[in-house]
Structures are given as structure tokens and as C-alpha cells.
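Close look at the chain arrangement
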Amino acid sequence: QVQLVESGGGLVQAGGSLRLSCAASGRSFSTLAMGWFRQAPGKEREFVAAIKRSGGGTDYAPSVKGRFTISRDNAKNTMYLQMNSLKPEDTAVYYCAAVQSWMLVTTFAYDYWGQGTQVTVSS
């Protein structure tokens, strides 16, 4: 079993920045491919970013590429999402996800999910 806890969400103005964190426990963090997803009210959950278990490969949704950066610190069992130049369209609940894989996982093929953290961007 893997437990994931997101933190770092909040209210920011358009153009501002936030850094989300996802703390993992339950098994060796370095064996887990990780990803970030988000869901706005009334909309479907969508892929945001993914990172390999080593941190050596990443991928982003076109809507966030160039503004968001996914990273991980395996020594701290934590994954991060640095969000810059935030837009009102980024407002959503952000979820972290994990799966035991060496691959870069950009689909919904994750076994473990956090409870989410709210990000609200005012115009």
C-alpha cells in the first residue's frame, strides 16, 4: 500500500506562483513513477505532468508546458509541482498519483491517488 498526501495549494493572483508537494509513504519512493492530475468543478480529471521514478524523464500537458515544472526528491520521499505564471484556468483540485513502474506514465494507469489540494487563481 502507498499513501500520498498533497499540500501547498491555496489562493493566488493570476501571474503568481505556487509549489505543490506530494509526500509518499508505505513503500520505497524510488520505485514509483509519479504524476500530477487536476479536476475543476464540473469537468473531467485531466493529466498535468508525469515523472519517471529516477526523475530522469518528464512530460507535461500542452496547457501547462513552459509554466509548470515537475520534480522529485527521492531522499525526502516527495514529489513537487512548481507552478508559475498561473492563470484562472489553472483553478482546480490537484491530485498526485503513483504506480510501481520504470516508465513515464502519462495516462490514468496509476494505482495510488492522494486526496487532492485546492488551487484557486483569481483574475
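The notes below deal with the structure included here. This structure is a prediction, so every number in the text was calculated from the model and none was measured.

**Some thoughts on the sheet that holds strand β8 (residues 78–83)**
Strand order in the open sheet formed by four strands is β1-β3-β8-β7, and the pairing between neighbours is antiparallel. Among the strands making up the open sheet, the edge pair consists of β1 (3–7) and β7 (68–73). Going across the sheet, the axis of each strand differs from the next one's by a mean of 15°, ignoring polarity. Taken together, the six bridges between β7 and β8 define a ladder with antiparallel strand orientation. Its bridge partner lying in β8, Arg-72 is registered against Met-79.

**Side note on the pattern of salt bridges**
What the rule picks out here adds up to three salt bridges. The shortest N-O distance in the salt bridge between Arg-38 and Asp-90 comes to 2.9 Å. On the criterion of sequence distance, the pair formed by Arg-38 in strand β4 (residues 32–39) and Asp-90 in the loop between β8 and β9 (92–100) is long-range, its members being 52 residues apart. Judged by its relative accessible area of 5%, Arg-38 falls in the buried class. Of the charged contacts in the structure, one is a salt bridge between Asp-90 and Arg-67, with a shortest N-O distance of 2.8 Å. With a gap of 23 residues between them, Asp-90 in the loop between β8 and β9 and Arg-67 in the loop between β6 (58–60) and β7 connect regions that are remote in the sequence. Classification of Arg-67 by relative accessible area gives buried; the value is 12%. In the salt-bridge network here, residues are joined through shared partners; they are Arg-38, Glu-46, Arg-67 and Asp-90.

Criteria and cut-off values
Residues numbered from 1 in each chain as written. Predicted model: local features only at pLDDT ≥ 70, side-chain atom pairs only at ≥ 80, totals over all residues. Heavy atoms only, no water. Pairing = 2+ DSSP bridges. Helix = DSSP H or I, 4+ residues; strand = E, 2+ residues; numbered from the N terminus. Axes fitted to C-alpha atoms, helices over the stretch in contact; angles between N-to-C directions. Salt bridge = Lys/Arg side-chain N within 4 Å of Asp/Glu carboxyl O. Buried < 20%, exposed > 50% of the residue type's maximum accessible area, 1.4 Å probe, protein only.

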